[in-house]
Each structure stands twice: as C-alpha cells, then as structure tokens.
Amino acid sequence: MEYAKEIMQLMEEIKYGWVDKEGNPHTKLENMIEMYMLQTPEEVMKSKVGVCWDQVELERYYFKEKGIDIKSYFIVYNDGKKFPCHTTMSFEDNNKFYWFEHAWDMHKGIKEFDSEESLLEEVKKHFIELELKNGYDNNEIYIYNYKKPEKKLNTLEFYKHCQNGVIVKRG
C-alpha cells in the first residue's frame, strides 16, 4: 500500500484542467468538446494539468511502473444530450479493493473496500449526488471498465473508446 501513497503524492503536482490541441492549458471546461486531446502520461507530467481522463492514464503509468495492475472505469449518465461523466481507477491488494481518486477533489484519496462491487456502488453513489441537481435519472447510469487508449483521442473518440469497454454496472 505504500506504493499507492507514493503515487498519490506524485499526483499532487497535477491540477485539474485540460490542454487543447495546440498545447494550451485551460482550467475551465469551456470549448473542451471541440478542442480537447487526451494527453500522454509524459505530457501530463510536463503540463501539470489534466482532467480525470488524463489523470487516470498518468496513474495507470505510475502503477504499471510499480508492477501493479489497475482497472479504469468510465461512469456516465447516458441521457442522449450532455453525457456527464467521470473516470477513475481501482487496484486490488491483499484481497481488498481500493478506489484511487485524485481528480475529484471532494473524494480525493485511497479508500478500501471488500469487493469491486461495493467500490463501484460508492463511486456511483457520489456521482449521483453530484448530478442529481441536474435532474438525471439513476437508470441512465453506466459504468464501463475500459482499457488504456492506444493513441491520443479527442473528446468524442474517448467516449466511444470507453463505451466499447465492458459494462460492469448499469442503473
């Protein structure tokens, strides 16, 4: 578990934001759909800025360096209009499951669970709390386990990539 704490400490230098196709950093999500391009872990380390998508890929990189497998998750309200989402990751250690969260400030940290199911229920619960004020319905939630993207993706390509993963929870 010490390795996870070390990685969380490394992540502290990364701020929430995104980098456009020209390499300009942004702290507001305006124009992200048109201008966003997923950064490589090396680019995130250099820019020190990343949305949850970028941060999960940097976390994947750090965990891989330590020889630890992770699972990455894409949670989305599939409402047919705006598709609010979040990506996060987990790892398993000594028959326990850990939610590793850096990008979502109010849930930042490493939380322990007895099962992957209970971990995902917790993520879903917090996601619903965040989005309830926007009028979303629980039945429209999907959680996908997605693999590492093999190339840089724009916003729509990233959504499609994640939604081609395995649905691990619905509604």
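As shown above, the structure is provided for reference.
Residues numbered from 1 in each chain as written. Predicted model: local features only at pLDDT ≥ 70, side-chain atom pairs only at ≥ 80, totals over all residues. Heavy atoms only, no water.

Caption draft 1: Summary view of the pattern of salt bridges. Following the criterion strictly, the structure yields 11 salt bridges and no others. Between Lys-125 and Glu-122 there is a salt bridge, and its shortest N-O distance comes to 3.8 Å. A residue pair is termed a helical-turn pair when its members lie 3 or 4 positions apart in one helix, as Lys-125 and Glu-122 do in helix 5 (residues 116-132) at three residues. Residue Lys-125 is classed as partly exposed on the basis of its relative accessible area of 38%. The network of salt bridges with common partners includes Glu-12, Asp-105 and Lys-108. (Salt bridge = Lys/Arg side-chain N within 4 Å of Asp/Glu carboxyl O. Helix = DSSP H or I, 4+ residues; strand = E, 2+ residues; numbered from the N terminus. Buried < 20%, exposed > 50% of the residue type's maximum accessible area, 1.4 Å probe, protein only.)

Caption draft 2: Up close: the nonpolar core. In terms of nonpolar packing, the biggest core is built from 33 residues, with Trp-53, Phe-63, Phe-74, Phe-91, Phe-100 and Phe-158 touching the most fellow members. Considering each element in turn, this core owes the most residues, six residues, to helix 4 (residues 52-65). Ignoring sequence-local partners within four residues, the contact set of Phe-91 consists of Met-1, Tyr-3, Ala-4, Phe-63, Ile-68, Asp-69, Ile-70, Lys-96, Phe-97, Tyr-98, Phe-100 and Ile-110. Formed by 14 residues, the second largest nonpolar core is a distinct cluster that contains Trp-99, Phe-113, Leu-119 and Phe-127. (Core = buried A, V, L, I, M, F, W, Y, C linked by side-chain atoms within 4.5 Å. Contact = heavy atoms within 4.5 Å.)

Caption draft 3: Focus on the packing of aromatic side chains. If you walk through the whole model with that rule in mind, you get 16 aromatic pairs. Seen in terms of ring centroids, Tyr-3 and Phe-63 are 6.1 Å apart; in terms of plane orientation they differ by 90 degrees. Their pairing is edge-to-face. Here Phe-63 lies in helix 4 and Tyr-3 lies in helix 1 (residues 2-11), a separation of 60 residues in the sequence. Since its relative accessible area comes to 16%, Tyr-3 is described here as buried. Exposure remark for Phe-63: the relative accessible area of 0% places this residue in the buried category. Plain terms: the ring middles of Trp-53 and Tyr-159 are 5.7 Å apart, the flat faces sit at 85 degrees to each other, and that makes the pair edge-to-face. (Phe/Tyr/Trp six-rings, centres within 6.5 Å; stacked < 30°, edge-to-face > 60°.)

Caption draft 4: Layout of the environment of Tyr-62. Of note, Tyr-62 is situated in helix 4. The exposure class assigned to Tyr-62 is buried, which follows from its relative accessible area of 7%. Placed 59 residues apart in sequence, Tyr-62 and Tyr-3 show a C-alpha to C-alpha distance of 9.4 Å.

Everything listed here is a matter of geometry and, on its own, says nothing about what the molecule does.
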